[in-house]
Amino acid sequence: DEKEFENRMGLFKKLGFLPTFTCAPYAIGFLPRPGDVLCLTGSSGQIISNSFFGARAGRESVSTSFAAAVTGRTPLMGVVKKENRYAEVLVEIGADLDPIHFTEADYGALGYSIGSAVEGRNVAIEGLPKDLSFEHERMLVSPLPVSGSSVLCHIIGVTPEAGTLEEALGGKKPPVMEVHQKDIAEAYRKLTNAKGNEVDMVTFGCPHLGIKELGDLASLVQGKKVNQNVFAVIGVSQPTYTLAKNCGYAESIEKAGFKVVNACVGPLNPLIYPEQGARVAAATNSSRAAHYMQRMTGGRTKTFYGDMKKCVQAAIAGRWEESI
């Protein structure tokens, strides 16, 4: 309850914790430096810190991260050690794929497919655009720890420890796998398990949306209204929400009927359960969220998976359309 929450927050604040309440602390100024050793609990934050910032973060739990905060120590093992950070499998983009024209959901499906194939191994991906946006990068690597358990993804020519293929491999010759259109299509099929086309919930923000994504969303919902039978929710950090208000994005989004929350809209949130959330089906552009909603409700919450444009259309129409 609220009183218990305030009591716990009081204890954490006395210990010196900063109450950021976000799964994307890097988006609000907490940027790890190359070589920094981190202990954090979110698998998305772990793989993003390792992959895009060159920091060193293992798969940690709440208890081990808390212990590290108190002691200032963490075990020297796994990807915290430099010799364990080289790619253990090389993924090549098939000739039938055109990632230049991928949507964020396409990248999420690609990452979801790769994660299930590589399991817990470090991965290097070759063949992606060198000017890949951070938003697309994030959607690509975030699903790797949920469909598998990988904590480090090198993108050749993009991420800091993968300026070249040789640098990412460290002189090793790992197994090579190709991904093709059929693999992405299969990921879409796994992430969409709803029947019919009725939608009564739409979620964005797993991980929390950044300011660019909120700007894109504001443009899509300008002058539109969420269907009266749809609960539409967006997860953001409080600082990002404040910036969105200053930019005018928040006003457009909330006027359209979206609820913006400083909370988790993916796993472990009662909003996703059938009793309080989706009674029919939830639509999302996050492969992480679709995965969690299906599995953490024992299959009771059904999902549609697609890009932001399709999800906005579903929120407005109350139904899912394959082509818009």
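Being a predicted model, the structure only gives us computed values, none of them experimental.

Here is what the cut-offs are and how they apply
Residues numbered from 1 in each chain as written. Predicted model: local features only at pLDDT ≥ 70, side-chain atom pairs only at ≥ 80, totals over all residues. Heavy atoms only, no water. Helix = DSSP H or I, 4+ residues; strand = E, 2+ residues; numbered from the N terminus. Expected span 1.5 Å × (residues − 1). Buried < 20%, exposed > 50% of the residue type's maximum accessible area, 1.4 Å probe, protein only. Pairing = 2+ DSSP bridges. Axes fitted to C-alpha atoms, helices over the stretch in contact; angles between N-to-C directions. Arc of directions from axis to C-beta. Contact = heavy atoms within 4.5 Å. Parallel < 35°, antiparallel > 145°, perpendicular 65-115°, else oblique. Core = buried A, V, L, I, M, F, W, Y, C linked by side-chain atoms within 4.5 Å.

(A) Expanded view of helix H4 (residues 104-118). With 15 residues, H4 extends 21 Å between its outermost C-alpha atoms, agreeing within 8% with the 21 Å of an ideal straight helix rising 1.5 Å per residue. When you tally the buried positions in H4, you get 13 out of 15 residues, the bulk of the element.

(B) Representation of unusual backbone geometry in the model. That bond from Cys 206 to Pro 207 is cis: its omega, 5°, falls within 30 degrees of zero. Along the chain, Pro 207 falls in the loop between strand S7 (201-204) and helix H9 (211-221). One non-glycine residue, Glu 119, lies in the positive phi region at around 55°. Checked against the element boundaries, Glu 119 lands in the loop between H4 and strand S4 (123-126). In this structure Glu 119 comes out as exposed when scored by relative accessible area, which is 52%.

(C) Region of the structure containing the sheet that holds S7. Pairing is parallel in the open sheet, where five strands are placed in the order S9-S8-S7-S10-S11. The open sheet has two free edges, formed respectively by strand S9 (259-261) and strand S11 (303-305), since each of these has just one partner strand. Neighbouring strand axes in the sheet, compared pairwise and without regard to direction, differ in orientation by 25° on average. With four bridges joining them, S7 and strand S8 (residues 231-235) adopt parallel strand pairing. Its bridge partner being in S8, Val 202 is matched across the sheet by Ala 232.

(D) Quick peek at helix H8 (residues 181-191). Along H8, the residues that are buried comprise Asp 183, Ile 184, Ala 187 and Leu 191. Seen end-on, H8 carries its buried residues on one side only, within an arc spanning 100°. Pointing more than 90 degrees away from the buried face of H8 are the exposed residues Lys 182 and Arg 189. In this fold, the buried residues of H8 make contact with H4, strand S6 (176-179), helix H12 (287-295) and S11.

(E) Broad picture of the packing of H4 against H8. Taken N-terminus to C-terminus, the directions of H4 and H8 make an angle of 95°; their axes are 8 Å apart at the nearest point. Here H4 lies roughly perpendicular to H8, going by the angle between them. Between H4, through Ala 105, Asp 106, Ala 109, Leu 110, Tyr 112 and Ser 113, and H8, the contact on the second element is made entirely by Asp 183, Ile 184, Ala 187, Tyr 188, Lys 190 and Leu 191.

(F) Molecular detail of the sheet that holds strand S3 (residues 89-93). Ordered by their spatial adjacency, four strands build an open sheet running S5-S4-S3-S6, and the pairing between neighbours is parallel. With partners counted over all chains shown, the strands left at the sheet margins are strand S5 (153-155) and S6, one partner each. Sheet twist, expressed as the mean angle between neighbouring strand axes with direction ignored, is 25°. Judged from the four bridges that link them, S3 and S4 form a sheet pairing that is parallel. Within the sheet, the bridge partner assigned to Val 89 lies in S4 and is Val 123.

(G) Up close: the nonpolar core. One finds Leu 110, Ile 114, Val 123, Ile 125 and Leu 128 to be the most contacted residues of the largest nonpolar core, which totals 36 residues. Looking at this core element by element, the count peaks at seven residues for H4. Listed in part, the 29 residues of the second largest apolar core include Val 230, Ala 244, Ile 253 and Phe 304.

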